[in-house]
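Understanding the architecture of this molecule
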Amino acid sequence: TAEREALKARIRTLLRERDAVMVSHYYVHPDLQDLAEETGGIVSDSLEMARFGRDHPARTLVVSGVRFMGETAKILSPDKTVLMPDLDATCSLDVGCPPDDFAAFRTQHPDRTVVVYANTSAAVKAQADWVVTSSCALDIVRALKDAGHKILWAPDKHLGGYIQRETGADMVLWKGSCVVHDEFKAFELEALRREYPEAKVLVHPESPAAVVAQADVVGSTSQILQAAATLDAKVFIVATDNGMMHKLRQRHPDKLFLEAPTAGSSATCKSCAHCPWMAMNGLRGVLQVLETGLNEVHVDPALIPRARLPIERMLAFTA
Ligand code: 13P
Ligand code: SF4
C-alpha cells in the first residue's frame, strides 16, 4: 500500500541520516527482512546477526528480532547505539532461565563446562564458558567432548537432547523450550509425509525429538535456507517459525514449501507456528525508534566484558 511505501521511504532516509543499519531475523515481518537487505543490512540467523552487528561500521544498529539479539549486539559493540522496535519482545527460553536459578544450577555441577544457547539474557551469558547458536552448537559441543569436557547445557532441552544424541557427550540439561517449536507434532508430520512422499523435511533443532527424527536436514534458520537451495527436491516440509517461509518462497518460487503441522493446525490455520515476540516487530516501530532514539537496548556495563568472552569464543570458532 501507499502508506507502507511511505513508511519505508522515510526509514531509508533516516537510516542514512543516522548512520544506522538494519539487522533482521528471518522470523520478523517480510517488510523488515526485505528492507534490511535493500538498505545494506542483513537478514539472517542469530549467529550471523551477531557477527554482522559487530563488524559493520554503522554507529547505530536497528535490530528486528527479540531481546537477546539486541543484547548480543550491544555486548559485542558497547559503543554503538542498539535500537529495537519493541523492547518487550522476549523469548520463552530467555524467560524460562532466570540468572539466579541458573547460578544455583551451575553450583550443583562445578565440574562441567557451561554451554549456553544464545537465546538467554546477558546475565546468563555472563556465567557461560561458551555461547552457541543452533548453527554451531553441534560442532562446538563435539569439539568440547573430544577435548574431554563434560557439559552443562541451557536452556533448550530439545536442542540439548539432539546434541547429546548426535555427539554422545556427557550433558546435563536445563529443561527450557521454545513455545513455537515445542508445538510441532510428530504424528501429524508423519501423515503429511505420507501425503507428500517426495518431500524433504527441514527441521529446526528446537523441535521435539520425534519431529527431529523425521528430518532430512536439521539446522538453524540459515541452514534450512541453505538446504532448500542445495537439496535436489521440489517439495519441502518445514518445521520452524513460519516467518521463514517468506525467504524460502522468495528465493525458490519454483519449489513448494509446506508448514509442518502444529497443535493449532486446522482447516483454517494449517500451522499456527509464529513467535508472538517476533511478531511485535513492524515498520512503524522501526520508524519510531529512528525518529526518537527511544527503545535503546542497555546492558549492565558490569556484565559486558564477562558476557562478551563466550560470544567472541563462538564467533572465533565459526569464523
Ligand atoms: P536461529 O539461530 O536458527 O536463527 O534461531 C533463533 C531462534 O530464535 C529460533 O527460534
Ligand atoms: Fe524464542 Fe522460540 Fe521465539 Fe525463537 S521462536 S525467539 S526460540 S520463543
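Anything mentioned here points back to the structure above.
The present account deals with the structure reproduced in this document. (Residues numbered from 1 in each chain as written. Chains lettered and ligands numbered in written order. Predicted model: local features only at pLDDT ≥ 70, side-chain atom pairs only at ≥ 80, totals over all residues. Heavy atoms only, no water.)

Here we come to the site of ligand 2. Taken together, Y27, V66, C91, S92, L93, N119, C178, V180, E206, C275, W277 and M278 make up the full set of residues adjacent to ligand 2. Of the residues that constitute the shell around ligand 2, the class distribution is nine nonpolar, two polar and one charged. (Near = heavy atom within 4 Å. Nonpolar A, V, L, I, M, F, W, Y, C, P; charged D, E, K, R; others polar.)

Turning our attention to the site of ligand 1. Around ligand 1 sit H25, Y27, D45, S46, N119, S134, H181, H204, E206, S220 and T221, and those are all the residues in its vicinity. Measuring from an oxygen atom of ligand 1, one finds a side-chain N or O atom of H25 at 2.6 Å. Between ligand 1 and the protein, one listed contact pairs an oxygen atom with a side-chain N or O atom of S46 at 2.5 Å. For ligand 1, whose accessible area on its own is 300 Å², the fraction buried by protein is 96%. Of the residues in the shell around ligand 1, the class split is one nonpolar, eight polar and two charged. (Polar contact = N/O pair within 3.5 Å; in protein donor to acceptor, adjacent residues only side chain to side chain. Areas by Shrake-Rupley, 256 points an atom, 1.4 Å probe, with all protein chains shown as cover.)

Packed helices, taken two at a time, are described by the angle between their axes plus the distance between the axes. Relative orientation of the contacting elements helix α4 (residues 67-76) and helix α15 (residues 304-317) amounts to 100 degrees, with a least axis distance of 9 Å. On the basis of the axis angle, α4 is roughly perpendicular to α15. Residues T72, I75 and L76 of α4 form the contact with α15, whose participating residues are I304, A307, R308, I311, E312 and L315. In the contact of α4 with α15, the residues fall into six nonpolar, one polar and two charged. (Axes fitted to C-alpha atoms, helices over the stretch in contact; angles between N-to-C directions. Helix = DSSP H or I, 4+ residues; strand = E, 2+ residues; numbered from the N terminus. Parallel < 35°, antiparallel > 145°, perpendicular 65-115°, else oblique. Contact = heavy atoms within 4.5 Å.)

Hydrogen bonds along the backbone pair up the strands of a sheet, which may run parallel or antiparallel. What the four strands build is an open sheet, ordered β2-β1-β3-β4; its pairing is parallel. The open sheet has two free edges, formed respectively by β2 (42-44) and β4 (81-83), since each of these has just one partner strand. Ignoring strand direction, the axes of neighbouring strands in this sheet form an average angle of 20 degrees. Bridging between strand β1 (residues 20-25) and strand β3 (residues 60-64) involves five bridges; their strand directions are parallel. From the neighbouring strand, V23 faces β3, where its bridge partner is V63. Along the sheet, helix α3 (residues 46-55) contacts β1, β2 and β3; its crossing angle with β1, the most-contacted strand, is approximately 170 degrees. (Pairing = 2+ DSSP bridges.)

Just geometry here; none of it tells us what the structure is for.
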